[in-house]
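Overview (structure and organization)
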Amino acid sequence: MAASMAAAAGRLRRAFRRSPLWGGLSRRPFSSEPPPASATAVRDAFLSFFRDRHGHRLVPSASVRPRGDPSLLFVNAGMNQFKPIFLGTVDPRSEMAGFRRVANSQKCVRAGGRHNDLEDVGRDLSHHTFFEMLGNWAFGGEYFKEEACRMAWELLTQVYGIPEDRLWVSYFGGDPKAGLDPDLESRDIWLSLGVCASHVLSFGPQENFWEMGNTGPCGPCTEIHYDLAGRGGAPQLVELWNLVFIQHNREADGSLQPLPQRHVDTGMGLERLVAVLQGTRSTYDTDLFSPLLDAIQQGCGVPPYLGRVGAADEGRTDMAYRVVADHIRTLSVCIADGVCPGMSGAPLVLRRILRRAVRFSTEVLRAPPGFLGSLVPVVVETLGDAYPELRKHSAQIVNLVSEDEAAFLASLQRGRHIIDQTLRRLGPSDLFPAEVAWSLSLSGNLGLPLDLVELMLEEKGVRLDSAGLARLAQEEAQHRSRQAEPAQERGLQLNVHALGELQRRGVPPTDDSPKYNYSLRPSGGYEFGTCEAQVLQLYTEDGTAVASVGKGQRCGLLLDKTNFYAEQGGQASDRGYLVRVGQEDVLFPVPRAQVCGGFILHEAVAPEGLKVGDQVQLHVDEAWRLGCMEKHTATHLLNWALRQTLGPGTEQRGSHLNPERLRFDVATQAPLTPEQLQAVEGTVQEAVGQDEAVYMEEVALARTAHVPGLRFLDEVYPDPVRVVSVGVPVAEALDLGSQAALQTSVELCCGTHLLRTGAVGDLVIVGERQLSRGTTRLLAVTGEQAQQAREVGQALAQEVGAAAERLSRGSQDVVEAQRLSKDMGRLTDAVDTAVMPQWQRRELQATLKVLQRRANTAIRKLETGQAAQKTQELLRRHSEGPLIVDTVSTESLSVLVKVVRQLCERAPRTSVLLLSPQPLGHVLCACQVAQGTTPAFTAEAWALAVCSHMGGKAWGSQVVAQGTGTTADLEAALRTARAYALNQL
């Protein structure tokens, strides 16, 4: 029997290894019944089954943007939204706290982070970045293994009609190293349900033990698999459904402890289930994808989709079909949930997905411009009934996809030309230059991800200079870190001699007015113009003026005009690239621009020669610029909100911003209270919510001299000066009789700003510290980052509330009280370091301080009471004498020390040493020597003698000491203790 089971397990493992590819084009149904149900009917049947037959509550899918969980880029499993229940942190006042048995269909994205299927999509017939997870849950022991298995078997075999002989199940076979027995209960349940014994197999923890992470809730799982081969040969299994029985908790030390409450967490991928029910081996052959594949064929005019993979897929046409169909679903769902392509985190991953889809659609499928956006209505029609937010935001999705597609097409075309031109200059064995690859990706305007550049080179049989690329990436990372703190290197500068020479030659200051040439599209996006200029002067790294620079040389460029914003006024410099007019395929990366005496010096790396007199065209990194605009307008709103909250005399002391966050220094008499911080945020939110126009105009400096409420810093302003006014035209704001500058934000500012406040999205102050007496530094984030910070704060507030509720219930158990105290410490650390609203952090810190004090007081009382009880027991066992050496059962060293002290208080002439055995042979030790003993007899030496015997260590003083050790022979340790003491006495 054991041999046959081992052979069967081997077949199953081989089937596991084969199953992910779903190889072949077979569309054989598993029966000759009527046509298979649609995906919509399959989803509805799942939900109806659990609601109507088994009393489950149907809950909506959570957004794919994780709420209050910075460890995830996207929601990647159905259980994500229920983590607070599993972790015991759910707010007892919340709706979720009342959940007992629920079911839903959850939108999931696996791209980026720990679970990342992006690069596999298209290569086979099963991988997706977006999928739907059908699941049912039972919380707090509402039901467990038997009910969960019975429901799953009933649904698959009776509702969906899957033949029982096509289903296999696996269960947890135990883990001797972890002290976990096999889950024979699950095995027996399956056998009782009629599953063939040869189809019920056990596996180890890698396959059948589920864990949330390195720590946290976990438990054995049982999986249901479908045999694609049927009776036609060796089993070819694909997992259908995973039933997880959460009953343990993985502690920080790696040990497993039982959970106070058990839960059931199940997940079944809709796409794979539909493929089984519709009799196909590929999820792409189901009606979830067929409308998209048909639309792709019609829109691109390519041959029909045939489901080929690998070498059989000539021209990679079918791979492109799968990539585009998958990615447009992901894009549509994410944008509908508020995750838009962007610069970092999940938005950056989404940007990569969009651009990967554009590349396959244009290069392989030869799609016309705007094609991706035309697929959005197909996605909405397919998924809109299940997820209404797709219909609600369909127009926004089309606009965002189409705009980014158009921008990337231009960049992709230029990037392709640059690669081809570079390859013509390379020898057969040359590596592709890292500087050229980096120039393709440095600018957000081009936006070619480095992995995409490498893939394009791989297709041409060329290897990239990876070492050079790593060096450039490290330099960029260092530059980013310097950007985060303004104390960065100055870079190329024009010294007094260079400036004097320019003035002597009559060279006028750089015209940088084109930096303000941008406009708002009807769709809500921004359009930035390019700028043509002439090279007036070139400089080497040491500041020497030269007439030309050579290939690979780092240099400074002085132009007659520019659209780059040079770092000033607290706003980070623009970055981007320039090209020579007539030679647009060679990019000169420009990582920064600096102002020197009215001249704008552009730092650049020359991939080819450049000389004075060349005509160039400049392109700013649009995403970077837009991020700076968003933060700069937010800074003005913050400045105004601080005056509204703290009073009109509040003065700005400095600021700095880049696309990721803003820093604002303000003169204050005292640190801001949580109520003031919250009021400041509320004032900014109100202005953002009104989506007010932002007016900008240059006026004579004299006109600004006596305007009440006008904000300016103690610095020299140009004349004319630029005025930025929110919600009120500049002329009206400067009218001395209007008082408008007292009612809204009006500042002198040369920075670049949004044209409407709504694009700020939100503002959250996430940090506050005193720079010096009277000066407070605030750190703030906006937009998506601000929303995430609020969600993190809310999640932590719920955890603190749940901890307070546990503390209020009290505990009669020292171990439970100590666990609660540790939870308070963990929460304190989390609150201290989280990116969250500062006002909320301060409130939670104050609450946790009180809770920690209460928890520690409770521990001391429990320990003192427990110690008194142990002391009484020991006194009954030992008559008065000079020595007590014994063992006592305690959970902690703290209690043991209290017992020793209480014994010595009750018997002052007695020296005491106690040992407390712990799990795994560990032993705690505490001792105290009596008053008046010989000077040579010290507690520290006594404890050290005993603990050394046990291979441990000890510490303390002459009177009181403690220590630890490990031994299997406790009596020998006691004998050592007695012998040492008697020898000293």
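All values derive from a computational prediction rather than experimental measurement.

We now examine the overall build of the protein. Of the regular secondary structure elements, the protein holds 26 helices and 33 strands. Based on the C-alpha atoms only, the size of the protein along its principal axes is roughly 105 × 85 × 60 Å. Scored against the burial criterion, the 985 residues of the protein give a buried share of 53%. Pairs at least 24 apart in sequence give 71% of the contacts found in the protein among residues at least 6 apart. A total accessible area of about 42200 Å² is found for the protein, and carbon and sulfur atoms account for 50% of it. A gap of 4 Å separates the mean positions of the 100 positive and 113 negative side-chain charges of the protein.

Here we come to the nonpolar core. Trp241 and Ile296 are the most contacted members of the largest nonpolar core, which totals 119 residues. Per-element accounting of this core gives the leading share, 12 residues, to helix α9 (residues 317–336). If sequence neighbours within four positions are ignored, Ile296 has contacts with Gly301, Tyr321, Val324, Ala325, Leu365, Phe371 and Leu375. Ala572, Leu637, Phe664 and Val684 belong to the second largest nonpolar core, which has 53 residues in total.

In terms of domains, the protein is made up of domain 1 (39–280), domain 2 (288–417), domain 3 (426–475), domain 4 (496–620), domain 5 (628–692 + 756–877) and domain 6 (878–983). Between domain 1 and domain 2, the residue contacts involve 31 residues of the former and 26 residues of the latter. Both sides of the domain 1 and domain 2 interface together cover about 2300 Å² of buried area, and 64% of this is carbon and sulfur. Contact with domain 2 buries area across many residues of domain 1, yet Lys107, Leu118 and Phe130 alone supply 23% of it, more than any other trio. Summed over the shared surface of domain 1 and domain 2, the number is four salt bridges. Notably, a salt bridge pairs Lys107 with Asp337, separated by 2.9 Å at the nearest N-O pair. Where domain 1 meets domain 2, there are 14 residue pairs in polar contact (both at pLDDT 80 or more). Counting residues per element, the ones that place at least two in the side of domain 1 that touches domain 2 are α2 (39–53), β2 (101–109), β3 (130–138) and α7 (270–277). No other element matches β2, which puts four residues into the side of domain 1 that touches domain 2.

What follows is about the UniProt feature "binding site: Zn(2+)" (unreviewed entry) in the protein. If you check UniProt for "binding site: Zn(2+)" (unreviewed entry), the listed places come out as His632, His636, Cys749 and His753 in our numbering. Their sequence span is 122 residues, while the largest C-alpha to C-alpha distance among them is just 9.8 Å; these annotated residues converge on one region. By the element assignment, His632 lies in helix α18 (residues 622–646). Overall, His632 belongs to the buried group, its relative accessible area being 4%. With residues up to four places along the chain from it excluded, the contact list for His632 reads Gly569, Gln571, Leu657, Cys749, Gly751, Thr752 and His753. In this structure, Cys749 sits in the loop between β26 (746–748) and β27 (763–772). Judged by its relative accessible area of 11%, Cys749 is buried. Residues within four places of Cys749 in sequence aside, it is in contact with His632, His636, Arg722 and Val724.

Strands belonging to one sheet form pairs held by backbone hydrogen bonds; the direction of such a pair is parallel or antiparallel. Overall, mixed pairing links the five strands, which are arranged β29-β30-β31-β33-β32 in an open sheet. Each edge of the open sheet is held by one strand with a lone partner, namely β29 (883–887) and β32 (953–956). Averaged over neighbouring strand pairs, the angle between their axes works out to 10 degrees when direction is ignored. Of the pairings in the sheet, the one linking strand β30 (residues 911–917) to strand β31 (residues 922–928) comprises six bridges and is antiparallel in character. Paired with Pro917 across the strands is Val923, a residue of β31.

On to the packing of aromatic side chains, then. Per the counting criterion, the structure on display carries 18 aromatic pairs. Between Phe86 and Phe139 the ring centres are 5.8 Å apart and the planes differ by 55 degrees, which places this aromatic pair in the tilted class. One end of the pair, Phe86, is in helix α3 (residues 83–87); the other, Phe139, is in the loop between β3 and α4 (145–159), with 53 residues separating them in the sequence. Assessed through its relative accessible area of 2%, Phe139 is described here as buried.

An order of β24-β25-β26 is seen for the three strands of this open sheet, with the pairing classed as antiparallel. Strands with a single pairing partner mark the edges of an open sheet, and in this sheet they are β24 (694–699) and β26. Strand-to-strand twist of the sheet, defined as the mean angle between neighbouring strand axes without regard to direction, takes the value 20 degrees.

Right, let's talk about the pairing of β3 for a bit. Where burial is concerned, most of β3 is hidden: nine out of the nine residues are buried. Residues Phe130, Glu132, Leu134, Asn136 and Ala138 point to one face of β3 and Phe131, Met133, Gly135 and Trp137 to the other, with burial holding for every one of them. Across nine bridges, β2 lies against β3 in antiparallel orientation. Looking at the pairing, Asn104 lines up with Gly135 of β3. With four bridges joining them, β3 and strand β9 (residues 256–269) adopt antiparallel strand pairing. In the strand pairing of β9, Met133 is matched with Gly269.

Overall, the prediction assigns the protein a mean pLDDT of 88, with 93% of residues at 70 or greater. Scored below 50 in pLDDT, residues 1–9 makes five contacts in the model with residues more than four places away or belonging to other chains. pLDDT under 50 marks residues 11–33. Its contacts with residues more than four places away, or in other chains, come to 52 contacts.

Positive phi, normally seen in glycine, also occurs at Arg316, with a value near 55 degrees. We note that Leu920 has phi near 65 degrees; this positive angle belongs to a residue other than glycine. Residue position: Leu920 is located in the loop between β30 and β31.

Within the structure shown, the criterion is met by 48 salt bridges. Here Glu799 and Arg826 are joined by a salt bridge, their closest N and O atoms 3.5 Å apart. Of this pair, Glu799 sits in helix α21 (residues 783–809) while Arg826 is found in helix α22 (residues 814–833), placing the two residues 27 residues apart along the sequence. A relative accessible area of 16% means that Glu799 is categorised as buried.

By the element assignment, Thr910 lies in the loop between α24 (893–906) and β30. Engagement of the side chain of Thr910 in a polar contact is seen with the backbone oxygen of Gly881, the distance being 2.6 Å.

Parameters and conventions
Residues numbered from 1 in each chain as written. Predicted model: local features only at pLDDT ≥ 70, side-chain atom pairs only at ≥ 80, totals over all residues. Heavy atoms only, no water. Helix = DSSP H or I, 4+ residues; strand = E, 2+ residues; numbered from the N terminus. Buried < 20%, exposed > 50% of the residue type's maximum accessible area, 1.4 Å probe, protein only. Contact = heavy atoms within 4.5 Å. Areas by Shrake-Rupley, 256 points an atom, 1.4 Å probe, with all protein chains shown as cover. Lys, Arg positive; Asp, Glu negative; His and termini not counted. Charge placed at Lys NZ, Arg CZ, Asp CG, Glu CD. Core = buried A, V, L, I, M, F, W, Y, C linked by side-chain atoms within 4.5 Å. Domains from an automatic or database assignment. Buried area = accessible area lost by both parts, 1.4 Å probe. Salt bridge = Lys/Arg side-chain N within 4 Å of Asp/Glu carboxyl O. Polar contact = N/O pair within 3.5 Å; in protein donor to acceptor, adjacent residues only side chain to side chain. UniProt positions renumbered as here; feature names shortened; annotations may be inferred. Pairing = 2+ DSSP bridges. Axes fitted to C-alpha atoms, helices over the stretch in contact; angles between N-to-C directions. Phe/Tyr/Trp six-rings, centres within 6.5 Å; stacked < 30°, edge-to-face > 60°. pLDDT = per-residue confidence, 0-100.

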